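# Reading the structure
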Protein chains: 2
Amino acid sequence: MRVLSSQRVTYFFSADSKAAYRVADGERVKVQTRDCFSGKVKTPGNLFEDVSMGDVNPATGPIAVEGLSAGQTLCVAIERIRCGRKGVIMCSPNLGVLSEDVRRPRTRILRIEDGKAGFSDDLSIDLNPHVGVIGVSPAEGRFPTFHPGDHGGNMDTVDACEGSKVYLPAFVDGGMLAMGDVHAAMGDGEVCGTGLETSAEVTVRLSKSEDLILKRPMIETPKAWLTFAAAKTLDMAARLATEDMVKFIQSKHGTDFEEAYMLASLIGNLRISQVVDPLMAVRMSISKRYL
Amino acid sequence: MRVLSSQRVTYFFSADSKAAYRVADGERVKVQTRDCFSGKVKTPGNLFEDVSMGDVNPATGPIAVEGLSAGQTLCVAIERIRCGRKGVIMCSPNLGVLSEDVRRPRTRILRIEDGKAGFSDDLSIDLNPHVGVIGVSPAEGRFPTFHPGDHGGNMDTVDACEGSKVYLPAFVDGGMLAMGDVHAAMGDGEVCGTGLETSAEVTVRLSKSEDLILKRPMIETPKAWLTFAAAKTLDMAARLATEDMVKFIQSKHGTDFEEAYMLASLIGNLRISQVVDPLMAVRMSISKRYL
């Protein structure tokens, strides 16, 4: 299997980006990713205030998928995520939902071992590794890799994990996938502004999806389908994620809008992905059992 | 066990409300509840537009708990929820996050049987019964029972289910609990504006909590602790629920704010309860394993 090195990264999802790598439709590759600080946070003395925003969220790529055309859908099947041996978490008066309550910035570096991270002597945290940044080139303009959007990007969604498929709308030929910002652990919300930030090696299979035509990303887990939307407020993102899910239910069941809307209310779960990136992100999931 | 009949209901959580029932500290009672339409929706021909808002969310009570004083905390241990035999779901151009997309209002009445509700011939829905309205008198003024707030009220939170304890701050002596609006099924968000609305009989044990002093409701499930907040926007509610959880972690672990905040980011799950009541409601959960 080819290894795509994290020597070649981008800090933007850009309409005019050039491919760093090219893969065949259906090819499996190992994508090496740097942590979200480009590996520059090495000790607890390195605070958020010392990080240059230009170093935030390096995403390995862009990766062009051969045969994938604008208007089609890219499927990124995440087969394995192997995290690094340490993870960084930070808080700062300039970061997170309770930023103004932080008196002094702090950086913690946790050791990652045997599926756990040691937070303190008597508290170890179960890992839930997932890919924070996973996106494609937008139709026009460019977004920093710390922005989420219709192109994916900084999705910070725990379901982008081993065993899941992330579907992204290709806005340009080849899609131009880039990924990085793996979190070894994070809860819904990422409230303090970071998860447990780590370098990683992510095994993915990249292919053209024949079935879905999308405006925004979707995720398929072994048990559920999820819509995803980012917007200026959680309320706006919630609306968009619901809209997409109702349409998805309609397409699967052939029902009218009203039936699908009521079904979404009964069995759809509208959940927060993150509340700290420049845009807020919400997803809606529905069990495959109902589709 | 005493049965508290749904003949005595209130449509307001009011600072000056008088007790309909009195129970001893630690008493178990069966609380009968009407559905959220006061039982007036009987056929698919009864649309949301025909419902008087004065009939919405009858809450059985108020129930005064003896010995509970203002400033203390009421614990409502939900031991059993027995749903009625039918559930109502509605959509309307005047209801829910996608209200403007609804062309014609619709009412569906589903049969509830053996833990499931039949949505269509080939689709039956698993139930997750929970108490939608559960609250106490506020310190001042009054709130309709379809409002959520610091007093609880229309919490519409799926974790207010069998096996959970809902903790409510008592703002007046006796607390003046009222409950109703049981949903046989609902997903996070309640996006179309209703769950599967049903009458029910809810067995609860009411007692004074000796351990918690609260500003807003909390929920304890067998596996997790949850904070809860309602506000004008999801973003504001998310902030409050996070704030409460960080303080809760601090009180349990004796750590400073910054450690608790980072821990909340790694292992706390910030989730949407509902997006359709006049205020938006968000909760944050943390596994008991970490406390």
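Since the model is a prediction, treat every value here as computed from it, not as a measurement. (Residues numbered from 1 in each chain as written. Chains lettered and ligands numbered in written order. Predicted model: local features only at pLDDT ≥ 70, side-chain atom pairs only at ≥ 80, totals over all residues.)

### Notes on the environment of B:Gly67
All names here are of chain B. Tracing the sequence through the fold places glycine 67 in the loop between strand 6 (59-65) and strand 7 (73-83). Since 13 C-beta atoms lie within 10 Å of it, glycine 67 is described here as partly exposed. Separated by 141 residues in sequence, glycine 67 and lysine 208 place their C-alpha atoms 7.9 Å apart. (Helix = DSSP H or I, 4+ residues; strand = E, 2+ residues; numbered from the N terminus. Buried ≥ 20, exposed ≤ 12 C-beta atoms within 10 Å, placed from the backbone.)

### Observations concerning the interface of chain B and chain A
Listed per partner, the contact involves 47 residues of chain B and 48 residues of chain A. Elements that contribute at least two residues to the side of chain B that touches chain A include exactly strand 8 (86-91), strand 9 (106-113), strand 11 (123-126), helix 1 (234-253), helix 2 (257-267) and strand 21 (269-274) of chain B. With nine residues, helix 2 of chain B is the single largest residue contributor to the side of chain B that touches chain A. Here the side of chain B that touches chain A is built from residues that sort into 28 nonpolar, nine polar and ten charged. (Contact = placed C-beta atoms within 7 Å. Nonpolar A, V, L, I, M, F, W, Y, C, P; charged D, E, K, R; others polar.)

### A look at the sheet that holds strand 9 of chain B
If you trace the four strands from one edge of the open sheet to the other, you get 8-9-10-11 (chain B), paired in antiparallel fashion. The sheet terminates laterally at strand 8 and strand 11 of chain B, the two strands that pair on one side only. Within the sheet, the average angular offset between the axes of one strand and its neighbour, ignoring direction, is 30°. One ladder, built from four bridges, connects strand 10 (residues 116-120) of chain B with strand 11 of chain B; its direction is antiparallel. For B:Lys116, the partnering residue across the bridge sits in strand 11 of chain B and is B:Asp126. Helix 2 (residues 257-267) of chain A contacts strand 8, strand 9, strand 10 and strand 11 of chain B of the sheet and is inclined by roughly 125° relative to strand 8 of chain B. (Pairing = 2+ DSSP bridges. Axes fitted to C-alpha atoms, helices over the stretch in contact; angles between N-to-C directions.)

### Some points on the relation of the copies chain B and chain A
When chain B is fitted to chain A, the best match, at an RMSD of 0.0 Å, comes from turning it 180° and sliding it 0.0 Å along the axis. The superposition operator between the copies reduces to a two-fold rotation axis. When the interface residues of chain B are mapped onto chain A, 100% of them again lie at the interface, so the same face is used by both copies. (Least-squares fit on C-alpha atoms with pLDDT ≥ 70 in both.)

### Brief notes about the sheet that holds strand 10 (residues 116-120) of chain A
Residue and element names in this part refer to chain A. On the basis of which strands lie adjacent, the open sheet formed by four strands has the order 8-9-10-11 and antiparallel pairing. For this open sheet the edge positions go to strand 8 (86-91) and strand 11 (123-126), each flanked by a neighbour on one side alone. Each neighbouring strand pair of the sheet contributes to a mean axis angle of 30°, computed without reference to strand direction. As defined by bridge partners, strand 9 (residues 106-113) adjoins strand 10 across two bridges and the pair is classed as antiparallel.

### Some words on the packing of helix 1 of chain B against helix 2 of chain B
Residues and elements named next belong to chain B. Packing of helix 1 against helix 2 leaves a shortest axis separation of 9 Å and a crossing angle of 115°. The two elements helix 1 and helix 2 meet at a crossing, and its hand is right-handed. Taken together, the residues of helix 2 that come into contact with helix 1 (itself represented by Thr242, Met245, Val246, Ile249, Gln250 and His253) are Phe257, Ala260, Tyr261, Leu263 and Ala264. (Left-handed = near helix turned anticlockwise from the far one by under 90°.)

### Section: the pairing of strand 5 (residues 28-33) of chain A
Residues and elements named next belong to chain A. When strand 1 (residues 2-4) meets strand 5, the two strands line up parallel, connected through three bridges. Residue pairing for strand 5: valine 3 is matched across the bridge by lysine 30. One ladder, built from six bridges, connects strand 5 with strand 18 (residues 200-209); its direction is antiparallel. Counterpart to valine 29 in the pairing with strand 18 is valine 204.

### Notes on the environment of B:Lys232
Within the secondary structure, B:Lys232 sits in the loop between strand 20 (224-231) and helix 1. Put simply, B:Lys232 and B:Thr43 are 189 residues apart on the chain and 34 Å apart in space, counted from C-alpha to C-alpha.

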